[in-house]
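# A structural walkthrough
Residues per chain, in single letters:
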Amino acid sequence: MTAVVTGTGDGTADRRREQRGWYFYDWANSVFSTSVLTVFLGPYLTEVAKSAADGDGYVHPLGLPVRAGSYFAYTVSLSVLLSVLVLPMAGAVADRTGRKKPMLGVFAYLGAGATAGMFFLEGDRYVLGGVLLVVANVSFAASAVIYNAFLPQIATPEERDAVSSRGWAFGYAAGSVVLVGNLALFLQHEELGVSEGSAVRICLASAGVWWAVFTVVPLLRLRERPGAVAGSRVSLLSGWRQLGHTFRELRRYRLTMLFLLAYLVYNDGVQTVITQASVFGSEELGVDQTTLIGAVLLVQVLAVAGALLMGRLAARHGAKRTVLGSLVAWTAIVGAGYFLPAGAPVFFFALAAGIGLVMGGSQALSRSLYSQLVPAGKEAEFFSLYEVSDRGTSWLGPLVFGLAYQLTESYRAAIISLVVFFVLGFVLLLRVPVERAAAAAGNPRPDRI
């Protein structure tokens, strides 16, 4: 198997042009993570499920009794379990064929279409909401696998922390822009003659339109590299065979596998905080929709600064040390969330500020750190495993969150249950020797870890 030609040998001007195009997919798809998963869909789908619930507060998708308040969390978990099957195969096929751009386009527009279809989510159509969420979230994750796999090809090892951080900053900037528009529509929906539910559905659908429009930029700017096996035929069967090969390959890189395990644990906690914070705020703290939008907007603005600031900290102290510091901060933030008083928006805004400052940087630096540990020519394969717990695609955290609520009927118990993810993730990451892991994958040793 021949190695993929990476971007590290390209001219600087061409590489910078591709990097700018690459940033725009963060700009395109981050509004799904922000407007849909973080702000609007959780509380709205929960209300739709409650309107369809029986006298005991349960809905019955596929005949299974599910408390309406847990439906959104369970649906997110289901989408990720499906992603576990789809993502590694998609990554393997992308590496095998070198056809990353068409696959990026297919998954991006499938997800954007499902998101736009959320305009029709009303009344008691909780099943429709669940189906659209699953399709959109699986597509979002699959497109991100392909997108992330471009990073080692368009940036030298020395550039990756900065390039990854800029990509996340672009994404959070886009989330801020769209949320400002969402907030304006939501606050003025009565003056515009639009019901509150219709305003939410327009906000959901607009995220799909935004995603579709700006995906054009990376599709034009990024360029293909040869596949790992030039001219090879790829079928569904060969994709599954390659999936098995991916897991066998991962066993050869045990230190990379240890980092991946650490990441899957702590980022499951990060993603669960992101996707369930709006439900926690609205259902447990009594925060209204306007305050929720304002708090998430604050997160987006501070996340831009936080991603860039933590990128600079990584340049001085190393990405691993900076991520470890962020996990300490995450533990403190989640612990503080348990004690937030209901009906006091100022404390919710303070919590949002803390999340914003650490969120973007911890994710961006994890991505660039992992790119140092991936063998050349297997970028999409290995990033497919990484993406199982990237933005909006965690599964164990939402499952724990949903079970905690189902058992206790308390969102405070649900939020504090997430502390274990950050503590365990910290312990596992602390044990990863990054320099040795990079060398074992055949990559240059990072200057700082």
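Residues numbered from 1 in each chain as written. Predicted model: local features only at pLDDT ≥ 70, side-chain atom pairs only at ≥ 80, totals over all residues. Heavy atoms only, no water.

The next subject is the environment of Ser-362. Structurally, the position occupied by Ser-362 is in helix α13 (residues 345–371). Taking relative accessible area as the criterion, Ser-362 reaches 4% and is therefore assigned buried. Separated by 158 residues in the primary sequence, Ser-362 and Leu-204 have C-alpha atoms spaced 27 Å apart. Beyond its immediate sequence surroundings of up to four residues, Ser-362 is in contact with Met-310, Val-323, Ser-326 and Trp-330. (Helix = DSSP H or I, 4+ residues; strand = E, 2+ residues; numbered from the N terminus. Buried < 20%, exposed > 50% of the residue type's maximum accessible area, 1.4 Å probe, protein only. Contact = heavy atoms within 4.5 Å.)

The next subject is unusual backbone geometry. A positive phi is found at Leu-62, a non-glycine position, where the angle reads about 55°. Following the sequence through the fold, Leu-62 ends up in the loop between β1 (58–59) and β2 (66–67). Relative accessible area serves as the criterion here: at 86%, Leu-62 is assigned to the exposed category.

For the structure shown, the criterion picks out three cavities of 30 Å³ or more. Space inside the largest cavity adds up to approximately 260 Å³. As for the largest cavity, its lining consists of 23 residues, of which Thr-38, Ile-274, Val-299, Gln-300 and Met-359 are closest to the centre. Examining the composition of the lining of the largest cavity, we find that six residues originate from one element, α13, more than from any other. Considering only residue class, the lining of the largest cavity consists of 14 nonpolar, eight polar and one charged. Along its surface, the second largest cavity is lined by Val-273, Ala-277, Phe-280, Ile-333, Val-334, Gly-337, Phe-348, Leu-351, Ile-355 and Ile-415. (1 Å grid on protein atoms, 1.4 Å probe; cavity = no way out; pocket = protein on both sides within 12 Å on 5 of 7 lines; lining within 4 Å. Points joined across faces, edges and corners; volume = space filled by probe spheres on them. Nonpolar A, V, L, I, M, F, W, Y, C, P; charged D, E, K, R; others polar.)

Here Ser-164 lies in helix α6 (residues 160–187). Judged by relative accessible area, Ser-164 falls into the buried class, the value being 0%. Beyond its immediate sequence surroundings of up to four residues, Ser-164 is in contact with Trp-22, Leu-151, Ala-364, Arg-367 and Ser-368.

Nonpolar side chains collect at one region of the surface, where Leu-110, Val-127, Val-131 and Val-135 lie side by side and expose about 300 Å² of accessible area between them. The element that contributes the greatest number of residues to the nonpolar patch is helix α4 (residues 126–149), accounting for three residues. You can see Val-127 is positioned in helix α4. (Patch = residues over 30% accessible without salt bridge, like charges linked within 9 Å, V, L, I, M, F, W, Y side chains within 5 Å. Areas by Shrake-Rupley, 256 points an atom, 1.4 Å probe, with all protein chains shown as cover. Salt bridge = Lys/Arg side-chain N within 4 Å of Asp/Glu carboxyl O.)

A word on the layout of surface pockets. Quantified by volume, the second largest pocket comes out at close to 350 Å³. If you trace the second largest pocket, you find 13 residues lining it, with Pro-61, Leu-62, Tyr-71, Thr-75 and Leu-78 closest to the centre. Going through the elements one at a time, α2 (71–97) and α4 are the ones with two or more residues in the lining of the second largest pocket. Residues that form the lining of the second largest pocket fall into these classes: 11 nonpolar, two polar and no charged.

On to the packing of aromatic side chains. Scanning the model with the defined rule gives 24 aromatic pairs in all. Where Trp-22 meets Tyr-23, the ring centres are 6.2 Å apart and the plane angle is 65°; that geometry is what we call edge-to-face. A residue is classified by how much of its surface remains accessible, and Trp-22, at 0% relative accessible area, is buried. Its relative accessible area of 6% is what places Tyr-23 among the buried residues. Among the aromatic residues, those joined into a ring-pair cluster are Trp-22, Tyr-23, Phe-24, Tyr-25, Trp-27, Tyr-147, Phe-170, Trp-210 and Phe-214. Positioned above the aromatic ring of Phe-119 is the side chain of Arg-201, whose terminal nitrogen or guanidinium carbon lies 4.8 Å from the ring centre. (Phe/Tyr/Trp six-rings, centres within 6.5 Å; stacked < 30°, edge-to-face > 60°. Lys NZ or Arg CZ within 6 Å of the ring centre and 35° of its normal.)

Quick look at the packing of α2 against helix α14 (residues 379–386) now. Axis separation between α2 and α14 bottoms out at 7 Å; the angle between their running directions is 165°. By the criterion of interaxial angle, the relationship of α2 to α14 is roughly antiparallel. Crossing handedness for the pair α2 and α14: right-handed. Residues Leu-87, Pro-88, Gly-91, Ala-92, Ala-94 and Asp-95 of α2 form the contact with α14, whose own contacting residues are Glu-379, Ala-380, Glu-381, Ser-384 and Leu-385. (Axes fitted to C-alpha atoms, helices over the stretch in contact; angles between N-to-C directions. Parallel < 35°, antiparallel > 145°, perpendicular 65-115°, else oblique. Left-handed = near helix turned anticlockwise from the far one by under 90°.)

Right, let's get into the pattern of salt bridges. Evaluated as defined, the whole model comprises eight salt bridges. A salt bridge links Glu-159 to Arg-16; the shortest N-O distance between them is 2.7 Å. Taken together, the residues span a long stretch of sequence, with Glu-159 in the loop between α5 (151–154) and α6 and Arg-16 in helix α1 (residues 12–52) at a distance of 143 residues. We classify Glu-159 as buried; its relative accessible area is 13%. Residue classification places Arg-16 among the partly exposed positions, given a relative accessible area of 34%.

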